[in-house]
Amino acid sequence: MAQMWITMGPQHPMTHGLWTLRVKVDGETVVDTDAELGYIHRGVEKIAEARDFTQITPYCDRLCYVSAMTWANSYIYAAEDLLEVEVPERAEYIRLISAECQRLASHLMWLGAYGPDIGSLTLMTWCMRDREMFLDLLQELGGSRMHYNYPRVGGVKRDIPVGFADRLVAKVKLFEKRIEEYEMMLDESTIWLVRLQGVGYANAEDMVNAGVSGPNIRAAGVNYDVRWAHPYSVYDQVDWEPAVEKPTSVKGADCYDRYRVRMEEMRQSCKMILDAIERIPGGKNTNYSSGDEMILAKAPTRAPEGATGFSHYECTRGASQFYIQGGGDGRGKNPYRLSIRSPMFITIPYVAKTMIGYKVADIPAIMGSFDPCIGETDR
Amino acid sequence: MPMHPHAQPNFRNLFWYPFKITLITALRTFPFIGKRFGKRLGAYHNTSHPEFLDDASRARAASSAEMNDITRQEFAPDRVTSDLKPTLWKPQTVQYPYERLEDMEPWLFVPGNYNGRIGVIWETCTACKMCVNICPNDCLHMTTELRVDVLDNAEGEHGGLGMELEVGKFAAVPKEEVVKELATFNHVTAHQDVPQEWRFAEVLDLSGTSATVRWNDSGKESVVEQSELRTADDQIVSGRIDLGRCMFCGLCMESCGFTSFFMTNEYDGMSGFTRQDLWFDASRTRVLPSVHQEAVDAELAKRASKERTKRAKKAAKAAAETAKPAEAQKGDA
Amino acid sequence: MDDRYDLVGFFIDKEGGFRSTLMSLLDGSPLSDSAGSISFAAGTFALVNIVFLMLFFSQFAILWIERKAVARMQDRYGATTALRSLWVGENGVTAGEWWNMLPFGAGKPIGALNGWLNKRFGNRDENFPTVDRVNNRSWMGKTIFPGFFQNVADGMKFLVKEHMVPQRADRLIFEVSPFLIVSSTLLILGMIPLSSGIYATNPDLSILYAIAIFGIAPIGVFFAGWSSNNKYTLIGGIRSAAQLTAYEIPLLLTLLSVAVLSGTFNIIDSIHFQHSAGSWNIFLMPLGAALFLVTMIAEVERVPFDMPEAEAELVEGWWTEYGGMRFGMLFMAEYIRTYAACFLFTHFFLGGWHLPFQGTIGSIEMLGIGSAYLLIPGAVMTLVKSWLVFLIVFVWARFALARIRTDQILEFGWRMLLPLAVLQVVLAFVYRLYLFNPDGMLADKNASGTGSAWDAIGLPAVVPILTTLFWLAIFVIYLNDEDKSATPERMFHVHTIEPAGTVVPGKE
């Protein structure tokens, strides 16, 4: 029977974003794939050349909108490297807490989209319900549910509100029980297992060669987590460990392994948050006013030509890097060049090749297990 | 990290766990049954969480109750909140607009923390343009409008410090019926612009205690007593905000050093059918009346004292001027 | 035992109320020669319509049950539109006030009625027109069955949607296949009895007829998939054809075992058999009941077997290119087939219209309990049983489980279900030949009390009780049997051409 190309996307319920995946099928088996990206390219890097360093932060929130806080943090570390600012420790703790809350929210969003891909429609609503808890926390802290514009060069915009710590701890503990509920629904369900196990094998060596990072390689046994390997912020002071899954097959990590890694990462994030809120310098119930030196250090606003700043950060989906060159317009108020390395941009072409050899029905399973977010891919 | 201990595709996992957990979730949404099964797997909305509330947040919620208080908005149906039935277990859905999130979680929308609709107190704005410059999206526009300044409208202890009427400049007369209406007008609930309480006119001639004015609305001229007129200035700062472009990042609020620019806690009420509806002009950027009044009073006191100091200095200088020739005269003689 | 409410007798029998009245009316008129045929035609017409409408409108109940049950399982409320929203106007904003568009002002009385209803029952707030609309749509205030008419509204919405045929689609087949699917589905409704006296038609071989009609739809599905000129629908249609074919055979064998056990191919007679012999079939053949349910879920293409229309990959599978009421009718047809499957399960395994322990309780003379119990209409019992089957089996399975992949579905059908179905047939033969006691059958269909055909060793109802306990024991043992140290042996085998990791980019 002849082979045919099927176009999945740009408008398709499965694609987790706006892109096209063309697959060549022979009956039900995938023989070749071709990915087309760029539908939501907004030119963030170019826009940044005309904005101050403070004004760029809201744009970075919108890179990966599901995981906004981590991307804003990632950019801010690069700006702080460029402007040579020392960040107070309380601000680092607050950044850690907000980033881990965001990681939880992002992983829940992933799961809520992945469930319906496999067919478990109930999961979508459950994940949204639990994500609300963390969105409310981030709303109290940052001022809105999705695009917070919270970190500032030299610290954070405002301190944690009084009483935030109690609510944070209570919600995180509630969520830890909820993870068990999810595992009851999924890990202890035959149909979920037969859909995910044995599907989408991805070899550790191939992935490292291709540049994939994040939970995807940790599922294959590679112990590389930027927070663990090159600790930034206060990740070396809180009690946690990276979630690395040793795959059961020599062929590499299958979808089930990647799913397990993210569930364990959620547990680790809960652990981190509970530890960080106890250790935060200045106390968890004090509230310093905005601009206080405990949470925001004075920072220069101009960077001379020739200065560069670089950050290497563990975003939810992999390792993101920002590279800023100073000396742009306004005598250095704007960057000359802002370059963003998006983990998903590297991963998606690799994933497209992973799907070869499996069935059409496995395409959403494999795609979803790599957790694509096209916002950061297209920038 | 090993696989989940029960993660084996066998007969048990086919029938037992997914059915059990969906049954528990469903039963938990019904009252009384929910209480039996609900304790094990806690719920979030529609349940009571004493650990979430503490004295500080209760105090803050109480102090911000007026700022957050959209209960008195008559455009929404009467608010039925779950406060009435705090211990019944229900599905996690918050039935907006009957149940509103700020009732269920009063610690949300903390004033100053939430990036809601923009609110500007124009009386205290000094037109420094910091907000316009910091906005990443160019959505703020500064203009001028014809208005009666606070100082010109003051009575009582701060009265008489305003500008004088001048030919070629503007004056205004209060509209009595509008002033009466404004006493009970609540811009938060009315969902329409505040009615204009002044009738503006251009001063053509001043003679004695009367002034000849040409009214702006009709173009006709008439003679009015000067005591009835207030000075109006057409260079008072005003502005427009394009909410269609605004990304609610809050940078404008931070940059305003004179605390005239706020982001209120309102998250709804900003919709329209056309893009032009989203251009909010000055009347739609009002903050809550109490906050507004407080700021205006403070500004009035500040400007009045500044004006008094200025006039005292001028009077002293004039006295010094008249004293000098007298002295010179005295000195000469 | 026959149900006391006998519509068939009323409409069809020559001495029944309807026909005799009609014939006596036509007596003496020029039509008196053919009075018999006319009354027969009228009686049949009336009966068929009544039964069909009863079945069709009771379906809205299961649509509502599904939406609300799903919502509760997902920790939310579900559709809460109020009944009031049917008569609320939109203040002239949209076509909600459709009566104004009727010619010659014919809509004025409707408008007046609408206004009166609004005044009397509405939840209005004249000051704020927008609030008005929200108030009247929703569940605030008094509501009856919130969300019940949402499905009706959804159905009506399909009427106003665009109805298109893709340009290079095979037009004739494209338009014919919905007819095939929907008409065959409605034919099933024709022969489902609601009780012994309420049915449209009762052919002698209705079991065979049921399975045959169920089998027409796969052809329509395949036609739809092929003719749409769309790769998604093609894949969906092929998957569907394979899946439905694979699951027809265990279904057929299960129904064969029911027929063998009951000794008849007629649905109503098999229910009489269940009563006269003393036990419902589910207790005699639990394996068959489980097989029937699983194969029926696959036949109607619901999760976990809904690969052919899997949203995630195929958008809507073979339904993709249909719009407007065609799509609505296809959607409805899926639910009608599900409903028909519930009815068939009720009739074959749960004793149809018989109340539980009808014979025993029905013969209690004390306090008139027996006769009061027997007053409950059998049709109500059938409906309630079907709804419960729908809720517990179809809805719950849909929202607790995920989708199984096509090749896994086929493997499951051919390798697991088919042997079990064959086993069930063999067991049915054994039961009928060796364990069945014809002397224990009640001769008179109307006798109260249940028979004792399944007694053995002098003890009542030994065969069903032992059978049930045996299969329950197997179920429990399987449920708890978990060898924790064994390596997970995959139930289904995944074959790939070349697994990932072996392909080197650039060197294919």
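Residues numbered from 1 in each chain as written. Chains lettered and ligands numbered in written order. Predicted model: local features only at pLDDT ≥ 70, side-chain atom pairs only at ≥ 80, totals over all residues.

Chemist: Can you break down the overall build of chain A residue by residue, with the values?
Modeler: In terms of helices and strands, chain A carries 15 helices and eight strands. At 21 Å, chain A has a C-alpha radius of gyration in line with the 21 Å of a compact globule built from 379 residues. The proportion of buried residues among the 379 residues of chain A is 62%. Long-range pairs, those at least 24 residues apart, make up 71% of the contacts in chain A with a sequence separation of at least 6. (Helix = DSSP H or I, 4+ residues; strand = E, 2+ residues; numbered from the N terminus. Rg over C-alpha atoms; globule rule 2.2 N^0.38 Å. Buried ≥ 20, exposed ≤ 12 C-beta atoms within 10 Å, placed from the backbone. Contact = placed C-beta atoms within 7 Å.)

Chemist: Would you mind going over the overall build of chain C in detail, with residue names and values included?
Modeler: Along chain C, the regular secondary structure elements total 20 helices and zero strands. Buried residues in chain C amount to 43% of all 508 residues. Long-range contacts, defined as pairs at least 24 residues apart, comprise 75% of the intrachain contacts of chain C with a sequence gap of at least 6.

Chemist: Could you give an account of the domain arrangement of chain C, naming the residues involved and the relevant values?
Modeler: By a widespread convention, an interface's size corresponds to the accessible area lost as its parts come together. Residue and element names in this part refer to chain C. Segmentation of chain C into domains returns domain 1 (7–69), domain 2 (83–145) and domain 3 (171–458). Taking only C-alpha atoms into account, the centre of domain 1 sits 26 Å from that of domain 3. Taken together, the contact between domain 1 and domain 3 spans 17 residues of the former and 15 residues of the latter. Ranked by residues supplied to the side of domain 1 that touches domain 3, first place goes to helix α3 (residues 35–73) with 14 residues. A per-class count over the side of domain 1 that touches domain 3 returns 13 nonpolar, three polar and one charged. (Domains from an automatic or database assignment. Nonpolar A, V, L, I, M, F, W, Y, C, P; charged D, E, K, R; others polar.)

Chemist: Outline the packing of helix α6 (residues 164–185) of chain A against helix α11 (residues 255–279) of chain A, supporting the account with residue identities and numerical values.
Modeler: Residues and elements named next belong to chain A. Between α6 and α11, whose axes approach to 10 Å, the crossing angle comes to 160°. Relative to α11, the element α6 is oriented roughly antiparallel. Once α6 is placed against α11, the crossing between them reads as left-handed. Note on element contacts: α11 touches α6 through Met 263, Met 266, Arg 267, Cys 270, Ile 273, Leu 274 and Ile 277, opposite Ala 165, Leu 168, Val 169, Val 172, Phe 175, Glu 176, Ile 179 and Glu 183. (Axes fitted to C-alpha atoms, helices over the stretch in contact; angles between N-to-C directions. Parallel < 35°, antiparallel > 145°, perpendicular 65-115°, else oblique. Left-handed = near helix turned anticlockwise from the far one by under 90°.)

Chemist: Please provide a residue-by-residue account of the environment of Pro 91 of chain B, values included.
Modeler: In this structure, Pro 91 of chain B sits in the loop between α5 (65–68) and α6 (101–104). With 24 C-beta atoms packed within 10 Å, Pro 91 of chain B lands in the buried category. For the pair formed by Pro 91 of chain B and Lys 220 of chain B, sequence separation is 129 residues and the distance between their alpha carbons is 65 Å. Each residue touching Pro 91 of chain B, except ones within four places of it in the same chain, is listed here: Thr 29 of chain B together with Arg 72, Asp 75, Arg 76 and Tyr 77 of chain C.

Chemist: Give a detailed account of the confidence of the model for chain C, specifying residues and quantitative values.
Modeler: Residue and element names in this part refer to chain C. Of all residues in chain C, 83% attain a pLDDT of 70 or more, and the chain-wide mean is 80. Averaged over each element, pLDDT in chain C is lowest for helix α14 (residues 311–314) (58) and highest for helix α13 (residues 286–299) (93). Residue range residues 488–508 is modelled with pLDDT below 50. Its contacts to residues more than four positions away, or to other chains, number 38 contacts. Model confidence for the complex: the whole-complex pTM is 0.86, and ipTM, which rates the interface, is 0.83. (pLDDT = per-residue confidence, 0-100.)

Chemist: Would you mind going over helix α9 (residues 217–227) of chain C in detail, with residue names and values included?
Modeler: All names here are of chain C. Judged by how many residues are buried, α9 sits mostly within the fold: ten of eleven residues are covered. Against the buried residues of α9 lie α7 (171–190), α8 (206–214) and α10 (231–262). Where α9 terminates, the next one or two residues include Asn 229, which has phi positive at roughly 60°.

Chemist: Any details on the interface of chain A and chain B? Residues and values, ideally.
Modeler: Across the contact, 40 residues belong to chain A and 37 residues belong to chain B. Among the secondary structure elements, those contributing two or more residues to the side of chain A that touches chain B are α2 (53–61), α5 (122–142), α6, α7 (190–196) and α11 of chain A. With nine residues, the top contributor of residues to the side of chain A that touches chain B is α6 of chain A. A class-by-class count of the residues in the side of chain A that touches chain B yields twelve nonpolar, twelve polar and 16 charged.

Chemist: Explain the packing of α11 of chain A against helix α14 (residues 362–369) of chain A residue by residue, including any values.
Modeler: Residue and element names in this part refer to chain A. Closest axis-to-axis distance for the α11/α14 pair is 9 Å, and the angle between their directions is 35°. Handedness of the α11/α14 crossing: left-handed. Counted together, Cys 255, Arg 258 and Tyr 259 of α11 and Ala 365, Ile 366 and Ser 369 of α14 form the full contact between these two elements. Taken together, the residues of the contact of α11 with α14 sort by class into four nonpolar, one polar and one charged.

Chemist: Give a description of the sheet that holds strand β3 (residues 29–36) of chain A that names residues and reports values.
Modeler: Residues and elements named next belong to chain A. An order of β1-β2-β3 is seen for the three strands of this open sheet, with the pairing classed as antiparallel. Either end of the sheet is taken by a strand with one partner, and the two such strands are β1 (4–8) and β3. Averaged over all pairs of adjacent strands, the angle between their axes in this sheet comes to 25°, without regard to strand direction. Examined bridge by bridge, β1 and strand β2 (residues 20–26) share five bridges and lie antiparallel to one another. Bridge pairing in β2 places Ile 6 opposite Val 23. Along the sheet face, helix α13 (residues 343–354) touches β2 and β3 and points at about 165° away from the line of β3. (Pairing = 2+ DSSP bridges.)

Chemist: Account for α2 of chain A, with residues named and values stated.
Modeler: In an α-helix, one full turn covers 3.6 residues, which means residues spaced three or four apart are oriented alike. Among the nine residues of α2 of chain A, nine are classified as buried, and the element is accordingly described as predominantly covered. Buried residues along α2 of chain A sit against α1 (44–48), α3 (68–83) and β4 (151–152) of chain A together with α7 (130–134) and α10 (251–255) of chain B.

Chemist: Any chance you could break down the pairing of strand β5 (residues 210–215) of chain B for me, citing the residues and the numbers?
Modeler: Residues and elements named next belong to chain B. With six bridges joining them, strand β4 (residues 198–207) and β5 adopt antiparallel strand pairing. Residue pairing for β5: Glu 202 is matched across the bridge by Arg 214. Here β4 folds back onto β5 in antiparallel fashion, the turn holding two residues, of which Gly 208 has a positive phi close to 65°. Taking the residues between adjacent antiparallel strands as the criterion, β5 and strand β6 (residues 221–225) are bridged by five residues, where Gly 219 takes a positive phi near 80°.

Chemist: Quick one: what's the story with the environment of Tyr 336 of chain A, residue by residue and with numbers?
Modeler: Residues and elements named next belong to chain A. Considering the arrangement of structural elements, one finds Tyr 336 in the loop between α12 (329–332) and β8 (337–341). Take Tyr 336: there are 17 C-beta atoms within 10 Å of it, and that puts it in the partly exposed class. Taking C-alpha positions, Tyr 336 is 39 Å from Asn 203, a pair spaced 133 residues apart along the chain. When neighbours within four sequence positions are excluded, Tyr 336 is seen to be in contact with Gln 325, Gly 326, Gly 327 and Gly 328.

Chemist: Report on the sheet that holds strand β7 (residues 318–325) of chain A, specifying residues and quantitative values.
Modeler: Residue and element names in this part refer to chain A. Read across the open sheet, the three strands follow the order β6-β7-β8; overall the sheet is antiparallel. Either end of the sheet is taken by a strand with one partner, and the two such strands are β6 (308–315) and β8. Across the sheet, the axes of successive neighbouring strands diverge by a mean angle of 10°, strand direction being ignored. Relative to β8, β7 runs antiparallel, the two sharing five bridges. Among the inter-strand pairings, Ile 324 is bridged to a residue of β8, identified as Leu 338. Packing against the sheet, α13 makes contact with β6 and β7, and its axis sits at approximately 130° to β7.

Chemist: Quick one: what's the story with unusual backbone geometry, residue by residue and with numbers?
Modeler: If you check the backbone angles, Asn 149 of chain A has positive phi at about 55° while not being a glycine. Here Asn 149 of chain A lies in the loop between α5 and β4. The phi dihedral of Phe 248 of chain B is positive, around 55°, even though this residue is not glycine. Locating Phe 248 of chain B in the fold gives a position in the loop between β7 (230–242) and α10.

Chemist: How would you summarise the pairing of β2 of chain A if you had to cite specific residues and measurements?
Modeler: All names here are of chain A. A one-sided burial pattern is seen for β2, the buried positions being Leu 21, Val 23 and Val 25 and the unburied ones Thr 20, Arg 22, Lys 24 and Asp 26. Judged from the seven bridges that link them, β2 and β3 form a sheet pairing that is antiparallel. The partner of Asp 26 across the bridge, within β3, is Thr 29.

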